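Architecture at a glance
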Amino acid sequence: MKITNLDTVVVDFYRTNLIFVRLSTDEGLTGIAEATLEGQEHAVRGAVAVLADAVRGKDPTRISQTIYELNRDAYWRGGPVSMTALSALEMAMWDVSARALGVPVHRMLGGQVRDRVRAYANGWFSGAKSPGDFADAAVQTVAQGFRGLKWDPFEAADLTLQPRDLRRMLEPVAAVREAVGDDVELFIEGHGRFDVPTAIRVAREIEQFQPVFFEEPCPPDGIDSLVEIRSKSPVPIAAGERWFGRNTFVPALSRNAVDYVQPDVTHAGGFLELSFISTLAAAHYIPFAPHNPSGPLSTAATLQLGAMLPNFRYLEIMASDVPWRSEISNERLQLTEDGDILIPEGVGLGIELDFDAIAEHPYTPHPMRIFTDAVADIRPPDARSYFNLDSMPAI
């Protein structure tokens, strides 16, 4: 079997565009993967085109050799664009290889250690303004089946905060905690906003709400800063969504910079690299909680990791999405009443794309909004659940 082509397909998803990568072979088998990188769609498509020229004619089942040689031969290594393209190629090769054998990807990576993973919801808060809005949205999301909620309550803050602003920003957190009770887990997102003293002050203020972790409290390129913050934080620290490959995770783990590691399978190197990072984390008894706010193929890949990594702790997933998420693939996720998502059955990544449905939602520019007032506007007004409703209570 030989690779005949590697191309990309883009679909508008309101806050960003999803990029899907399609690997074609001369035996008619096709592998798919996700290469979504917010705000960098054109750059990623160009990087995939470069990889396409390099892999045509290669055996798609020789994954380790191909990825090693592409890394070795690259003069400019790493970074979000190149690593996202390379990660997608790696995952598409695993998808093809598993399809050729008629098994799920996780079977080839060691088999299952579990049939479900604990999930926490992101995106559930879109459109909320007041503390009461956040509380109502939280209650509805818990009624849907989720037992964990994550969000960034810090608006467009940049490096520092006035005490009065921090007090106001934490009012929705207090409202959510009161509304859902102590049994629902809260996860506080920082989006790399703060300098060291502000991050420490924020960590101390949010302790009262008992969050599972405080995510990305400082910019992602500051390991020294993260070490300082964790040493003084009364709540666990999570980071890693904007780290690429093992070379960043090794010093972060060796220096005790984090309590949870959060690599993204679509950016940090694909299945083998995340499996390696998971092993590094396990050697430090650090749980694995990968970043996953993107589309159906990113989720499908992350669930394959959830099936086979012993220290996999949490799955991040969007509580609702654009109405056409259920149209562009056969994704059918089942959310249990206990807040778990079942590992899907099926060969490869366990998912197929509908390219005709994708074509109905072409590329639309979406600027990044982390430091604007629209930071929480990440789902359209007509967003809907895309989970299997059979196991979910009525809202």
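Residues numbered from 1 in each chain as written. Predicted model: local features only at pLDDT ≥ 70, side-chain atom pairs only at ≥ 80, totals over all residues. Heavy atoms only, no water.

**Observations regarding the overall build of the protein**
Applied cut-off: Secondary structure is summarised from DSSP: a helix means a run of H or I of at least four residues, a strand means a run of E of at least two, and numbering begins at the N terminus for each. Based on C-alpha atoms, the radius of gyration is set beside the globule rule, defined as 2.2 Å times the residue count to the power 0.38. Each residue's exposure class comes from its accessible area (1.4 Å probe, protein chains only) as a fraction of the maximum for that residue type: buried when under 20%, exposed when over 50%, partly exposed otherwise. Pairs of residues are marked as contacts when any of their non-hydrogen atoms sit within 4.5 Å. The Shrake-Rupley method, run with a 1.4 Å probe, gives the accessible areas here. Residue values count only the displayed protein chains as cover. Counting rule applied: Lys, Arg positive; Asp, Glu negative; His and chain ends not counted. To locate a charge, take NZ of a lysine, CZ of an arginine, CG of an aspartate or CD of a glutamate.
If you tally the helices and strands in the protein, you get 13 helices and 13 strands. Taken over the C-alpha trace, the protein has a radius of gyration of 20 Å; the compact-globule value for 395 residues is 21 Å, and the two agree within 12%. Taken over 395 residues, the protein has a buried fraction of 56%. Partitioning the intrachain contacts of the protein with sequence separation of at least 6 by distance along the chain shows that 75% fall at a separation of at least 24. Split by element, the accessible area of the protein, about 16000 Å² in all, is 49% carbon and sulfur. Each charge class in the protein was averaged separately, 35 positive and 54 negative side chains, and the resulting centres sit 4 Å apart.

**A short note on the pattern of salt bridges**
Short version of the rule: Definition used for salt bridges: Asp or Glu carboxyl oxygen within 4 Å of a side-chain nitrogen of Lys or Arg.
Considering all chains together, one arrives at 22 salt bridges under this definition. Of the charged contacts in the structure, one is a salt bridge between Arg-72 and Asp-73, with a shortest N-O distance of 2.8 Å. Across the salt bridge formed by Arg-168 and Glu-155, the nearest N and O atoms sit 2.5 Å from each other. Separated by 13 residues along the polypeptide, Arg-168 in helix α6 (residues 163-169) and Glu-155 in the loop between β5 (148-151) and α6 bring together distant segments of the chain. A residue is classified by how much of its surface remains accessible, and Arg-168, at 36% relative accessible area, is partly exposed. Its relative accessible area of 34% is what places Glu-155 among the partly exposed residues. Salt bridges linked by common partners bring Lys-150, Glu-189, Glu-215 and Glu-316 together as one network.

**Things to note about the UniProt feature "domain: Mandelate racemase/muconate lactonizing enzyme C-terminal" (unreviewed entry) in the protein**
Where we set the bar: UniProt positions are given in the numbering used here, feature names are shortened, and annotations may be inferred rather than shown by experiment.
Residues annotated in UniProt with the feature "domain: Mandelate racemase/muconate lactonizing enzyme C-terminal" (unreviewed entry) correspond here to residues 131-236. For residues 131-236, the end-to-end C-alpha separation is 25 Å, with 49% helix and 10% strand making up the annotated structure.

**Here we look at the pairing of strand β4 (residues 116-122)**
Side-chain direction in a regular strand flips from residue to residue, so the side chains alternate between the two faces of the sheet. Heads up, the condition is: Strands are labelled as partners when DSSP assigns at least two bridges between them.
By the criterion of burial, β4 is predominantly enclosed, with five of the seven residues buried. Both β4 and strand β12 (residues 340-342) contribute to a ladder of three bridges, which runs antiparallel. Across the sheet, Arg-118 pairs through a bridge with Asp-340, a residue of β12. Across four bridges, the pairing between β4 and strand β10 (residues 315-318) is parallel. In the strand pairing of β10, Asn-122 is matched with Met-318.

**Here's the deal with the sheet that holds strand β2 (residues 17-25)**
Stated precisely, the cut-off is as follows: Lines are fitted to the C-alpha atoms to define the axes, a helix being fitted only along its stretch in contact, and any angle between axes, read from their N-to-C directions, falls within 0 to 180 degrees.
The strand order across the open sheet built from three strands is β1-β2-β3, with neighbouring strands paired in antiparallel fashion. The open sheet has two edge strands, β1 (3-12) and β3 (30-34), and neither has a second partner. Put simply, the sheet's adjacent strands are angled 20° from each other on average, direction ignored. Of the strand pairs in this sheet, β2 and β3 are connected by five bridges, and their pairing is antiparallel. Looking at the pairing, Leu-23 lines up with Gly-31 of β3.

**Structural notes on the environment of Asp-115**
Applied cut-off: For this analysis, a polar contact is any N or O atom pair within 3.5 Å, provided that within protein one partner can donate a hydrogen and the other can accept it, and provided that sequence-adjacent residues contribute only side-chain to side-chain pairs.
Tracing the backbone shows Asp-115 in the loop between α4 (105-108) and β4. Asp-115 gets classed as partly exposed once you look at its relative accessible area, which sits at 44%. Sequence spacing of Asp-115 and Glu-345 is 230 residues, and the spatial spacing of their C-alpha atoms is 9.8 Å. Apart from residues no more than four positions distant in its own chain, Asp-115 is found in contact with Leu-342 and Ile-343. Engagement of the side chain of Asp-115 in a polar contact is seen with the side chain of Arg-116, the distance being 3.4 Å.

**Overview of the nonpolar core**
Rule in force here: Within this scheme, the nonpolar core is defined by two criteria: the residues are buried Ala, Val, Leu, Ile, Met, Phe, Trp, Tyr or Cys, and they are joined through side-chain atoms within 4.5 Å.
In terms of nonpolar packing, the biggest core is built from 122 residues, with Leu-89, Trp-124, Leu-149, Phe-154, Phe-214 and Phe-271 touching the most fellow members. Sort the elements by how many residues they give to this core and helix α3 (residues 80-101) lands first, with eleven residues. Dropping the residues within four chain positions of it, Phe-214 is found in contact with Phe-154, Ile-188, Gly-190, Phe-194, Ala-199, Val-202, Ala-203, Ile-206, Val-235, Pro-236, Ile-237 and Ala-238.

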